[in-house]
Amino acid sequence: MLELRDVSVRYGAVAAVRKVSVDVGRGEIVGLIGPNGAGKSTTLHAIMGAVPVHEGDVLLDGTSILGRAPEGVARSGIALVPEGRRIFAELTVEENLRLGLAGRRSREGASDDIESVFRLFPIVKEFRRRHAGALSGGQQQQLAIGRALVARPDVLLFDEPSLGLAPKIVNVVFEALAEIRSRGITVLLVEQRAQRTVAFADRTYLMANGEIRLTLTPADAADTDAMVAAYLS
Amino acid sequence: MSTLLPHLVAALDAQTIADAVGLGAVYALMAVGIGLVFGVLRLVNFAYGQLIMAGAYALAFASQAGWPVWLGIILCFAVVIALSLAMERVVFRPLRTQSPAVMLVTTFAIAFLLQAAALLIDVRDDTIGEPATSVASLNQAISLLGVDVRKVTIVAVLVAAVALGLLALLLGRTSIGLQMRAASTDFRTARLLGVRANTVIGFAVLLSGVLAAAVAVILTVQQPFVSPDFALYSTIVVLVGVVVGGIDRLWTATLGGFAIGFASGVINGALPTDKTVFLPSAVFALVIIVLLVRPAGLFARGRSSLADRV
């Protein structure tokens, strides 16, 4: 469904991502873990067209989406839940959700999808008239996920959704991910919580220094030695 | 200052206030036009005054050709909107990923280019300046509760009120308005959500052009002699007003535009007729005082984000 072929991204002379190849099949949840500065977020931004790809290709259902503007990528069926949520603090919760509709390919069923988000995250419904900036970090994360879901994407990219959240809220986020999995949405999940991600995802790539170092399965979740070795390599 | 204040207080009669509100309304419209483009492009369009000038020339030429007023106004809107969209398509769009300094200098260049083009067209009859007499009838005064108010002042206030009301509805109730608000806060994230940059910027420029055309009509009625530096002083004052009000937000920028227009009107009323040449000095002295006290903007919340730069 989503395929990265030997993708490299450079920031000037610095190679942030080096020949990364990732496959995410339809309905799969694929993890991308690694230390800070490994190139995980840059990989997601390369998919979204937010940073230029130096070499390689990004394919969605076999069609290259390389060179498309971010809005073009979003409208082709890929939604991003960005790091730090990036909600619009001065807009209301409902307006933030409605902004997610900009990425839809069809307006049909938009109201149903908003209602579906309200069912998944009741707190978003409860606070829909409030300014989004008044929400807590966990509530904002739920809003950011909901905003991505109303775009009805084929592929959902998560950039560290549990960053800075209390453990209880992290559970809420992973429960939401489980619900998203049950809806058959394809997910590429960038996370710092390595063990939990490896256990949760169908397959997890470990990135370090801009490269894919390891491919892990849920069975490897307990193998902390292998992960630590790859992190430190 | 101590000698100016009694004059200002004494000048606050109904006549002066009516004129000041009219000027404030026109400047508020200009401030909205400038603020809309700044919101989505982070660009202060110094060529905004030249768009108004182009509209004024359209009215003058329509007037000289004997066209009916309504047709001249349509021509004015067509010229200003076409120029605005051309400016966005030919200049802003290719350059919008460049630094703000490049964009800023580019708008200066466009301003001088349009002014030079106007001069070239204007001097074909060996004189500089064209009269736009057909719209001058709106400049007549009528008596309202014993106060002489020019018709164009009433029109200016009504146009500003309606335009701001419609803009508030558009920004608050429509999908494109929501996208414009989001884009003016964080365009990068808005685009990642699927908000089309070209559509949002194009729409903001279009609205800005419509407002410039409306201002062109009002200013031409007030000053029915059009020259290449038409609206130049007003644009500079409004740009200052936008900064004084708080350029980061559309409504603070608009209030800034209105405030500097109103203050100019009041100070103009306070100054003796032979001292009106000092109006710009008095206005900009007031601006300096306001910026010293409220560097983030007169109507802005919180402190300036640039305060720690030095």
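Higher on the page you've got the structure.
The numbering scheme is per chain: residues are counted from 1 as the chain's sequence reads. Both sets of labels track the order of writing: A upward for chains, 1 upward for ligands. Side-chain atom pairs in this predicted model are given and counted only at pLDDT of 80 or more, local residue features only at pLDDT of at least 70, and totals for whole chains, interfaces and linings cover all residues.

Caption draft 1: View of the overall build of chain B. Strands here mean DSSP runs of E at least two residues long; helices mean DSSP runs of H or I at least four residues long; both are numbered from the N terminus. On a plain count of helices and strands, chain B comes out with 11 helices and 4 strands. What you see for chain B is a C-alpha radius of gyration of 20 Å, in line with the 19 Å of a compact globule of 310 residues. Its C-alpha atoms give chain B principal-axis dimensions of about 55 × 50 × 35 Å. Per-residue burial over chain B gives 46% buried out of 310 residues. For chain B, long-range pairs separated by at least 24 residues make up 73% of all intrachain contacts whose partners lie at least 6 apart in sequence. The reference for a compact globule is 2.2 Å times residues^0.38; the radius of gyration itself is calculated from the C-alpha atoms. Exposure is read from a count of other C-beta atoms within 10 Å of each residue's own; the residue is exposed at 12 or fewer, buried at 20 or more and partly exposed in between. C-beta atoms are placed from the backbone. Contact between two residues is assigned whenever their backbone-derived C-beta positions fall within 7 Å.

Caption draft 2: A look at the overall build of chain A. Across its full length, chain A carries 9 helices and 10 strands. Computed over the C-alpha atoms, the radius of gyration of chain A is 17 Å, within 12% of the 17 Å expected from 2.2 N^0.38 for a compact globule of 233 residues. Reported as C-alpha extents along the three principal axes, the dimensions of chain A are approximately 50 × 40 × 30 Å. Within the span of chain A, comprising 233 residues, buried residues form 45% of the whole. A separation of at least 24 residues holds for 68% of the contacts in chain A among residues at least 6 apart in sequence.

Caption draft 3: Representation of the nonpolar core within the structure. To count as a nonpolar core, a set of buried Ala, Val, Leu, Ile, Met, Phe, Trp, Tyr and Cys residues must be joined through C-beta atoms within 7 Å. In this structure, L157 of chain A together with L29, A56, V215 and A216 of chain B are the most contacted members of the largest nonpolar core, which totals 163 residues. Setting aside chain neighbours within four positions, we find L29 of chain B in contact with A160, A163, L211, A214 and V215 of chain B.

Caption draft 4: Layout of unusual backbone geometry. We note that E160 of chain A has phi near 50°; this positive angle belongs to a residue other than glycine. If you trace the backbone, E160 of chain A turns up in the loop between β7 (155-159) and α7 (167-182). Classification of E160 of chain A as partly exposed rests on a count of 19 C-beta atoms within 10 Å. Although it is not a glycine, R42 of chain B adopts a positive phi angle of roughly 55°. Residue placement: R42 of chain B occurs in the loop between α2 (14-41) and α3 (48-64).

Caption draft 5: Spotlight on the sheet that holds strand β2 (residues 14-24) of chain A. Residues and elements named next belong to chain A. Read from one edge of the open sheet, 4 strands run β2-β1-β4-β5, paired in antiparallel fashion. Unpaired on one side and paired on the other, β2 and β5 (63-64) mark the two borders of the sheet. Where strand β1 (residues 2-11) lies against β2, 7 bridges are found, and the strand directions are antiparallel. Among the inter-strand pairings, L4 is bridged to a residue of β2, identified as V22. Contacting β1, β2 and β4 (55-60), helix α1 (residues 40-48) runs over the sheet at an angle of about 70° to β2. For two strands to pair, DSSP has to find at least two bridges joining them. Every angle, taken between N-to-C directions, lies between 0 and 180 degrees, and every axis is a line fitted to C-alpha atoms, over only the stretch in contact when it is a helix.

Caption draft 6: The interface of chain B and chain A, seen in detail. Across the contact, 14 residues belong to chain B and 20 residues belong to chain A. No other element matches helix α7 (residues 175-192) of chain B, which puts 9 residues into the side of chain B that touches chain A.

Caption draft 7: Region of the structure containing the pairing of β7 of chain A. Residue and element names in this part refer to chain A. Taken across its 5 residues, β7 has 5 buried, putting it largely inside the fold. Across 4 bridges, strand β6 (residues 78-81) lies against β7 in parallel orientation. Bridging across to β7, I78 finds its partner in V155. Bridging between β7 and strand β8 (residues 186-191) involves 5 bridges; their strand directions are parallel. Across the sheet, residue L157 finds its bridge partner in β8, namely L188. Whether a crossover is right-handed depends on one test, that the path from the first strand over the helix to the second runs clockwise when the strands point away from the viewer. Chirality of the crossover, the property in question, places the unit of β7, α7 and β8 among those that are right-handed.

Caption draft 8: Structural context of the environment of P228 of chain B. Residue and element names in this part refer to chain B. By the element assignment, P228 lies in the loop between β4 (225-226) and α9 (232-245). Between the C-alpha atoms of P228 and F112, which are 116 residues apart in sequence, the distance is 9.8 Å. The contacts of P228, once residues within four sequence positions are left out, are M53, Q115, A118, L119 and D122.

Caption draft 9: Inspection of helix α10 (residues 250-270) of chain B at higher detail. Given the number of residues in a helix, its expected span is that number minus one, multiplied by 1.5 Å. With 21 residues, α10 of chain B should reach 30 Å at 1.5 Å per residue; the first-to-last C-alpha distance of 30 Å fits that figure. Extensive coverage of α10 of chain B is indicated by the burial of 19 of its 21 residues.

Caption draft 10: Summary view of the packing of helix α6 (residues 151-173) of chain B against helix α8 (residues 197-222) of chain B. Residue and element names in this part refer to chain B. Relative orientation of the contacting elements α6 and α8 amounts to 170°, with a least axis distance of 10 Å. Relative to α8, the element α6 lies roughly antiparallel. Where α6 approaches α8, its residues V152, V155, A156, V159 and A163 are matched on the opposing element by L211, A214, I218, V221 and Q222. Of the residues assigned to the contact of α6 with α8, the class counts are 9 nonpolar, 1 polar and no charged. When an angle is under 35 degrees it counts as roughly parallel; over 145 it counts as roughly antiparallel; between 65 and 115 it counts as roughly perpendicular; any other value is oblique. All residues other than Ala, Val, Leu, Ile, Met, Phe, Trp, Tyr, Cys, Pro, Asp, Glu, Lys and Arg, Gly among them, are scored as polar; the first ten of these are nonpolar and the last four charged.

Caption draft 11: A look at the sheet that holds β8 of chain A. Residue and element names in this part refer to chain A. The 6 strands lie next to each other as β6-β7-β8-β3-β9-β10, forming an open sheet whose pairing is mixed. The two strands at the open ends of the sheet, each matched to only one other strand, are β6 and β10 (211-216). When strand polarity is set aside, the average angle formed by the axes of neighbouring strands in this sheet is 20°.

Caption draft 12: Local environment of the packing of α6 of chain B against α7 of chain B. Residues and elements named next belong to chain B. With their axes 5 Å apart at the nearest point, α6 and α7 run at an angle of 85° to one another. As the angle between them shows, α6 and α7 are arranged roughly perpendicular. Contacts from L170, L171, G172 and R173 in α6 reach G177, M180 and R181 in α7. The class makeup of the residues in the contact of α6 with α7 is 3 nonpolar, 2 polar and 2 charged.

Caption draft 13: Main features of the environment of A168 of chain B. Residue and element names in this part refer to chain B. Turning to its location among the elements, A168 is positioned in helix α6. Assessed through the 13 C-beta atoms surrounding it within 10 Å, A168 is described here as partly exposed. Through-space distance from the C-alpha of A168 to that of F92 is 25 Å; in sequence the pair is 76 residues apart.

Caption draft 14: Inspection of helix α3 (residues 93-100) of chain A at higher detail. Inspection of α3 of chain A places V93, N96, L97, L99 and G100 of chain A among the buried residues, and these make up the whole buried set. Buried residues in α3 of chain A, looked at end-on, bunch into an arc of 155°, giving them a common side. Tucked into the core, α3 of chain A has its buried residues touching α4 (110-120), α5 (122-126) and α6 (137-149) of chain A together with α7 of chain B. By arc we mean the arc of the directions from the helix axis to the C-beta atoms, nothing more.

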